[in-house]
Amino acid sequence: MARFLFCLAVALLTVQFTNGQATEPVYNYDETKVGTYILPNALINSKGKAVKTRAEWASRRTELRQLFAENVYGKTPKQAVRLRFQTTSVDSSALNGLAIRKLISIIFVDYPQLPPLDVLLYLPKGQRTVPVFLGLNFCGNHCVTTEAAIPLSTRWMVNGNDDTSLNNKATEKARGMQARRWPITTIIKRGYALATAYYGDLEPDHPTGWRMGIRSVLGASTPGDSTKADNWGAIGAWAWGMSRILDYLQTDPAIDAKRVISFGHSRIGKAAIWAGVQDDRFAAVIANESGESGAALSRRWYGETVERINTSFPHWFCARYKTYNKRVADLPVDQHELLALIAPRPLYVASADGDQWSDPKGEFLGAAYTEPVYALYGKVGLGTMTFPAVNQPIGQTVRYHDRTGKHDVMDYDWEQYLRFADELVR
Ligand code: GTR
């Protein structure tokens, strides 16, 4: 009897343990365990036909864009939205006299219940039409610089572990807290403008944030409905907002609207790619450590997974994306095809070796596998399939580097982006 009870106890424990193992997610950081995977071919269309010309690519491109909308990011509503651009302040001696600083509110005329999208624009002084880096920021315009004249954002903020926000509102302590990520003086001295806005103006970044943002009024018959398979997610909303800032930039005579670079870090890097894919007016795209569902291949089992991102951030993508959590190989697309949709425009994908969660090698491969599409335009993309050593920028129309250090935007990254812009965008 004792022996039987002992065996029963062992058996029960084993079942529990096995169940625990089965549900416990495993994140792989071991290159030898990545395994094999088969990527979809960007140049074979859904009917199995090879795409050989630019004209054929044009229709394949439409098809791929649609597949990403239906399966990953959701469909961006096509309806035109009436905008009013209200310049609320102009300072011609910003940054110690180096720049003109403008604040522009983009007002959604038909939706007075929505907050405006507040754009902060720095322009180099004494220059005519200049190219511009356009990127959303994580914590309000007041956090990208210490310039005291920028109003503290009153919008919803994530509560951090410090006193830069209280009760989901920014405090004065937040001023300049991410200035290091935005070397505005350097950018201005190189002859570029910088436009930024708080991503939370478009949608606060939490699962019910859509109720306060653009998705509460725009989208299918059920705005914000996260159960509808291909309704857009927050990344779609942020990308849409970047296009609305571009709408404004087209009206500003100081800006060369044919040279607007879509830039973003991390989740905003995912949005920057999606913006560049959907809106051909963007002249180039820079995705800094955009990781899973950004530049990194989804089928490569390394770092963050589709299941994990859908679980941690259910509001970022469309509902259908979640159905691939446990069957990534069934996705009709992979992220190299998303990047290929930027072609023939210049593209920069960057990683950091201290950010293995984003899968640097997977980001590199995402960029590298765009090559045949750039070739259709007679361009060399990355021009190599060899993963470079750290701090060794590579590529031609498509560029890549793996910086030493953590998940962040550093001066090193900007040095490469400015050179990239000088050589390929200006
Ligand atoms: C992480 C997320 C990444 C990336 C990052 C960020 O938690 O897993 O995909 O988006 O956040 O935006 O900083």
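See the structure above.
What's the story with the nonpolar core in this structure? I'm lost.
Side chains of a nonpolar character, in soluble globular proteins, are inclined to be buried together. By size, the foremost hydrophobic cluster in this structure holds 91 residues, and its most contacted members are Trp 57 and Leu 249. Here the element with the most residues in this core is helix α5 (residues 234-249); it accounts for 11 residues. The contacts of Trp 57, once residues within four sequence positions are left out, are Ala 42, Leu 43, Val 51, Leu 64, Ala 340, Leu 341, Val 373, Leu 376 and Tyr 377. With 31 residues, the next largest nonpolar core counts Phe 133, Trp 182, Ile 184 and Val 425 among its residues.

Would you mind going over the packing of α5 against helix α6 (residues 267-278) with me for this structure?
A pair of packed helices is captured by two measures, namely the crossing angle of their axes and the spacing between those axes. In the contact formed by α5 and α6, the axes pass within 8 Å of each other and the chain directions differ by 60 degrees. Relative to α6, the element α5 is oriented oblique. Note on packing geometry: the crossing formed by α5 with α6 is right-handed. Judged by residue contacts, Ile 235, Gly 236, Trp 238, Ala 239 and Met 242 of α5 engage Lys 270, Ala 271, Ala 272, Trp 274, Ala 275 and Gln 278 from α6.

Just checking my understanding: could you explain the sheet that holds strand β11 (residues 394-395) for this structure?
Within a beta sheet, neighbouring strands are joined by backbone hydrogen bonds and run either parallel or antiparallel to one another. Taken in spatial order, the 10 strands make up an open sheet running β1-β2-β3-β7-β4-β8-β9-β10-β12-β11, and their pairing is mixed. Edge positions in the sheet fall to β1 (83-93) and β11, since each of these pairs with one other strand and no more. Sheet topology places strand β8 (residues 255-265) next to strand β9 (residues 284-288); 5 bridges connect them, and they run parallel. Within β9, the residue paired with Ser 262 across the bridge is Val 285. Here α6 sits on the sheet in contact with β4 (130-137), β8 and β9, set at roughly 145 degrees to β8. Packing against the sheet, helix α10 (residues 360-368) makes contact with β10 (347-352), β11 and β12 (398-403), and its axis sits at approximately 165 degrees to β10.

Would you explain the side chain of Ser 165 in this entry?
Along the chain, Ser 165 falls in strand β5 (residues 165-166). Since its relative accessible area comes to 6%, Ser 165 is described here as buried. A polar contact is formed between the side chain of Ser 165 and the side chain of Asn 159, at a distance of 3.3 Å. Excluding residues that lie within four positions of it along the chain, Ser 165 makes contacts with Met 157, Val 158, Asn 159, Gly 160, Ala 170 and Thr 171.

Whenever I open this one, the pattern of salt bridges confuses me. Can you help?
Where charged atoms from two side chains of opposite charge come close, those side chains can pair. Using the criterion set out here, one finds 37 salt bridges in the structure. As a salt-bridge pair, Arg 299 and Asp 334 come within 3.0 Å of each other at their nearest N and O atoms. Residue Arg 299 is found in the loop between β9 and α7 (306-312), and its partner Asp 334 is found in the loop between α8 (319-322) and α9 (335-340); the two are separated by 35 residues along the sequence. For the residue pair Arg 299 and Asp 334, the accessibility class agrees, reading buried in each case. Taking the shortest distance from any N to any O, the salt bridge between Asp 422 and Arg 426 comes out at 3.8 Å. Using a relative accessible area of 30% as the deciding quantity, one classes Asp 422 as partly exposed. Through salt bridges that share partners, Glu 31, Arg 300, Asp 359 and Lys 361 make up one connected network.

Before we go on, may I ask you to explain the packing of aromatic side chains in this structure?
Given two aromatic rings, their pairing is described by the distance between the two centres and the angle made by the two planes. What the rule picks out here adds up to 25 aromatic pairs. Ring plane angle 45 degrees and centroid distance 4.7 Å describe the contact between Tyr 199 and Trp 238, whose orientation is recorded as tilted. With Tyr 199 in the loop between β7 (193-198) and α5 and Trp 238 in helix α5, this residue pair connects regions lying 39 residues apart in the sequence. Relative accessible area serves as the criterion here: at 0%, Trp 238 is assigned to the buried category. Ring geometry for Trp 414 and Tyr 417: centres 5.9 Å apart, planes at 75 degrees, overall edge-to-face. Taken together, the residues Trp 414 and Tyr 417, both in helix α12 (residues 411-424) and 3 residues apart, mark about one turn of the helix. With respect to class, Trp 414 is no different from Tyr 417; both count as buried. Here a set of aromatic residues connected by ring pairs shows up, and it is made of Phe 133, Trp 182, Tyr 192, Phe 263, Tyr 348, Trp 414, Tyr 417 and Phe 420.

Conventions used here
- Residues numbered from 1 in each chain as written.
- Predicted model: local features only at pLDDT ≥ 70, side-chain atom pairs only at ≥ 80, totals over all residues.
- Heavy atoms only, no water.
- Core = buried A, V, L, I, M, F, W, Y, C linked by side-chain atoms within 4.5 Å.
- Buried < 20%, exposed > 50% of the residue type's maximum accessible area, 1.4 Å probe, protein only.
- Helix = DSSP H or I, 4+ residues; strand = E, 2+ residues; numbered from the N terminus.
- Contact = heavy atoms within 4.5 Å.
- Axes fitted to C-alpha atoms, helices over the stretch in contact; angles between N-to-C directions.
- Parallel < 35°, antiparallel > 145°, perpendicular 65-115°, else oblique.
- Left-handed = near helix turned anticlockwise from the far one by under 90°.
- Pairing = 2+ DSSP bridges.
- Polar contact = N/O pair within 3.5 Å; in protein donor to acceptor, adjacent residues only side chain to side chain.
- Salt bridge = Lys/Arg side-chain N within 4 Å of Asp/Glu carboxyl O.
- Phe/Tyr/Trp six-rings, centres within 6.5 Å; stacked < 30°, edge-to-face > 60°.

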